[in-house]
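# Chains, contacts and geometry: an overview
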Amino acid sequence: MGTTIVIFGASGDLTSRKLIPALYRLFQKGRLPEELRIVGFARSRFSHDAWRQALAESTAKFTGDDFDRDTWARFSATIFYHPGDIGNPENFILLRRLLDEVESRGSSVRIFYLATAPRFFEPAIRHLGGSGLSRQGNHDTRVVVEKPFGIDRDSARQLNDTLHNCFAEHQVYRIDHYLGKETVQNILVLRFANTIFEPIWNRIYIDHVQITAAEDVTVGHRGGYYDKAGVLRDMFQNHLLQLLTFLAMEAPVRFEADAIRNEKVKVLEAIRPMSLDEIAESTVRGQYRGYRQEPGVAADSRTATFAAIRLGIDNWRWQGVPFFIRSGKAHACRTTQILIQFRRPPHLLFDTTRSERFQANRLLIQIQPAEGIQLHFQTKVPDAGMRIRLTSLDFRFREQFADPLPDAYERLLLDVAAGDPSLFARSDEVELAWGIIDPIQAAWEQSDRPDLEQYEPGGWGPDGSRAWVESQDRQWFDVCPVLK
Ligand code: BG6
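All figures in this text were calculated on a predicted structure; none of them were measured in a lab.

### Description of the packing of helix α7 (residues 182-192) against helix α8 (residues 223-248)
Contact pair α7 / α8: the axes reach a minimum separation of 9 Å and the direction vectors enclose 10 degrees. Between α7 and α8, the angle falls in the class roughly parallel. Contacts from Val-184, Gln-185, Ile-187, Leu-188 and Arg-191 in α7 reach Leu-243, Phe-246, Leu-247 and Ala-248 in α8. Class assignment for the residues of the contact of α7 with α8 results in 7 nonpolar, 1 polar and 1 charged.

Shown next, in the form of structure tokens:
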């Protein structure tokens, strides 16, 4: 059976920057299904050849040394273009004819990828339904929905309803590109393919968990979008809560979509709701200096470009273990990292007055860009009595594995083609995640607490963030990773 991928939003940034380069690399590695066709759908008037030409240039730019003209020539023969307006149902009837033509009337896996601006998701889904393209029948049909999936729980629910009117849940693939990252999937391998971590992965041994997604970039040309979204919607509802579920979930009975997603949902359900006062005390927000001058940003904008929140998980494993989660733009460096901070030994035998400040064990999971894991532990300083010092075991993906890490979209596209939704969010998961973010967003909009603090670009967010975490007898792990 052949496979057809229809990309709505074919002339957009995501298609040229991520989707086509990922498909090209998969083709180069011989990983794509046989008999593949890629059909672009957008309003611009391209011929098949003109679109192939435009993609040749962008793909050469985004794949660098991996770009090879002969391979591209073979790959681009699978690419077609269909000019059309998503708002017009007629165009979906025409699309259906084109698909029947290129598929030579055989049955196919048909993947409809919504890479458009979010306001086009619902009309596209409705017209896929109306034109009969969503039907399973002869074809095995799937729909991929890009982020943002709604702007709050109500809009996410509505989008889910629209999807479910035309597609069954198992046909729907909601993208969160973090789940396509090798290092994110490796959290499950670390926890569930080893025996040494799981016995200590709980409230008895772990003091707290820090999840940090720092970016050195500012919002740049995305001010128009970002000023309406803000950091909670942009990073927390999706990527950071996904990381949290992988860290906190119980072992699923099988490595299979619903088994995994059921466990993730239990974590989200166990996150303790917060009152207005608790939100004021459990969150910090900031905006980098200069944000209001960015193009597309309101001159008096109160949108947060930094947030830190403390979440509690009400279950036996995690009761009393704070999860500190933070993310911000215009930081000292780009790093996504998870710190598992273990407890101090109950009774210290060694004189620590002559050593540096005593630090308990920690496991540092580097998601990017220094992909790897470090275990920090105390060691005796040789020839210095019983002086001790924190040292580390340092595992790096790039040192252990010769091939470069693939882009997240490669894995996700392969999984959609194979019909495996394990690394995609289910409808209940997305709605629960909004249910955690909405009250914080609403509290921030209604009240002045916590303050929206301005911070200098190039650091680790507002000063208040450090003071806040220190007032809870903890410290942020503000260390830029060393790339080896
Ligand atoms: C996107 C956000 O979803 O993720 C961006 O919209 C953010 O604001 C990006 O920069 C971060 O992704 P990554 O893969 O670079 O960590």
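### Describing the site of the ligand
Taken together, Lys-147, His-177, Tyr-178, Lys-181, Glu-215, Arg-222, Asp-234, Met-235, His-239, Lys-329, Arg-334 and Gln-368 are the residues near the ligand. Burial of the ligand by the protein amounts to 81% of the accessible area it has alone, namely 400 Å². Among the elements that make up the shell around the ligand, the one with the highest residue count is α8 (3 residues). In the shell around the ligand, the residues fall into 2 nonpolar, 3 polar and 7 charged.

### Things to note about the sheet that holds strand β9 (residues 306-311)
The 9 strands lie next to each other as β14-β13-β12-β11-β7-β10-β9-β8-β15, forming an open sheet whose pairing is mixed. Unpaired on one side and paired on the other, β14 (388-396) and β15 (452-455) mark the two borders of the sheet. Direction aside, neighbouring strands of the sheet carry axes that sit 20 degrees apart on average. Relative to strand β12 (residues 362-368), strand β11 (residues 335-342) is paired through 6 bridges, and the arrangement is antiparallel. Bridge pairing in β12 places Gln-337 opposite Gln-366.

### Some words on the pairing of strand β8 (residues 283-288)
Most of β8 is tucked away, with 6 of its 6 residues classed as buried. Here β8 shows a buried face lined by Thr-283, Arg-285 and Gln-287 and a second buried face lined by Val-284, Gly-286 and Tyr-288. In this structure, β8 lies alongside β9, joined through 4 bridges in antiparallel fashion. Across the sheet, residue Arg-285 finds its bridge partner in β9, namely Ala-307. Examined bridge by bridge, β8 and β15 share 4 bridges and lie parallel to one another. Its bridge partner being in β15, Tyr-288 is matched across the sheet by Tyr-455.

### Description of the pattern of salt bridges
Scanning the entire structure with this criterion turns up 34 salt bridges. Across the pair Arg-126 and Glu-122 runs a salt bridge, and its minimum N-O distance is 3.8 Å. With Arg-126 and Glu-122 both in helix α5 (residues 121-130) and 4 residues apart, the pair spans about one turn of that helix. When its relative accessible area of 17% is taken as the criterion, Glu-122 is described as buried. The closest approach of N and O atoms between Arg-191 and Glu-198, which form a salt bridge, is 3.2 Å. Take Arg-191: its relative accessible area is 1%, and that puts it in the buried class. If you follow the salt bridges from partner to partner, you end up with Arg-191, Glu-198, Glu-250 and Arg-317 in one network.

### Here we look at a nonpolar patch on the surface
Taken together, the side chains of Leu-349, Phe-350 and Met-386 define a hydrophobic patch exposed on the protein surface, amounting to about 310 Å² of accessible area. Since its relative accessible area comes to 35%, Phe-350 is described here as partly exposed.

### Remarks on the side chain of Ser-134
Looking at where Ser-134 falls in the secondary structure, it is placed in the loop between α5 and β5 (140-145). Exposure remark for Ser-134: the relative accessible area of 6% places this residue in the buried category. Among the polar contacts listed, one links the side chain of Ser-134 to the backbone oxygen of Cys-166, at a separation of 3.2 Å. Discounting residues that sit within four places of it in the chain, Ser-134 has contacts with Leu-128, Gly-129, Thr-141, Cys-166, Phe-167 and Gln-171.

### Section: the environment of Leu-247
Secondary-structure assignment places Leu-247 in helix α8. For the pair formed by Leu-247 and Gly-64, sequence separation is 183 residues and the distance between their alpha carbons is 35 Å. With sequence-adjacent residues up to four places away left out, Leu-247 is seen in contact with Ile-187, Arg-191, Trp-201, Val-209, Ile-211, Trp-318, Ile-338, Ile-340 and Ile-365.

### Things to note about the side chain of Arg-191
Here Arg-191 lies in helix α7. Within the structure, the side chain of Arg-191 is placed 2.9 Å from the backbone oxygen of Leu-247, a separation counted as a polar contact. With near-sequence residues (within four places) excluded, Arg-191 lies in contact with Glu-198, Trp-201, Phe-246, Leu-247, Ala-248, Met-249 and Arg-317.

### So, the state of the cysteines
Per the stated rule, a full pass over the model turns up 1 disulfide. Two residues share a disulfide in this structure: Cys-333 and Cys-480, whose sulfurs sit 2.2 Å from each other. Looking down the S-S bond of the Cys-333 and Cys-480 bridge, the torsion is -100 degrees, so its handedness is left-handed. One end of the pair, Cys-333, is in the loop between β10 (323-328) and β11; the other, Cys-480, is in the segment after α14 (463-470), with 147 residues separating them in the sequence. Given a relative accessible area of 12%, Cys-333 falls into the buried group. Note on Cys-480: relative accessible area 32%, which makes it partly exposed.

Calculation criteria
Residues numbered from 1 in each chain as written. Predicted model: local features only at pLDDT ≥ 70, side-chain atom pairs only at ≥ 80, totals over all residues. Heavy atoms only, no water. Axes fitted to C-alpha atoms, helices over the stretch in contact; angles between N-to-C directions. Helix = DSSP H or I, 4+ residues; strand = E, 2+ residues; numbered from the N terminus. Parallel < 35°, antiparallel > 145°, perpendicular 65-115°, else oblique. Contact = heavy atoms within 4.5 Å. Nonpolar A, V, L, I, M, F, W, Y, C, P; charged D, E, K, R; others polar. Near = heavy atom within 4 Å. Areas by Shrake-Rupley, 256 points an atom, 1.4 Å probe, with all protein chains shown as cover. Pairing = 2+ DSSP bridges. Buried < 20%, exposed > 50% of the residue type's maximum accessible area, 1.4 Å probe, protein only. Salt bridge = Lys/Arg side-chain N within 4 Å of Asp/Glu carboxyl O. Patch = residues over 30% accessible without salt bridge, like charges linked within 9 Å, V, L, I, M, F, W, Y side chains within 5 Å. Polar contact = N/O pair within 3.5 Å; in protein donor to acceptor, adjacent residues only side chain to side chain. Disulfide = S-S within 2.5 Å.

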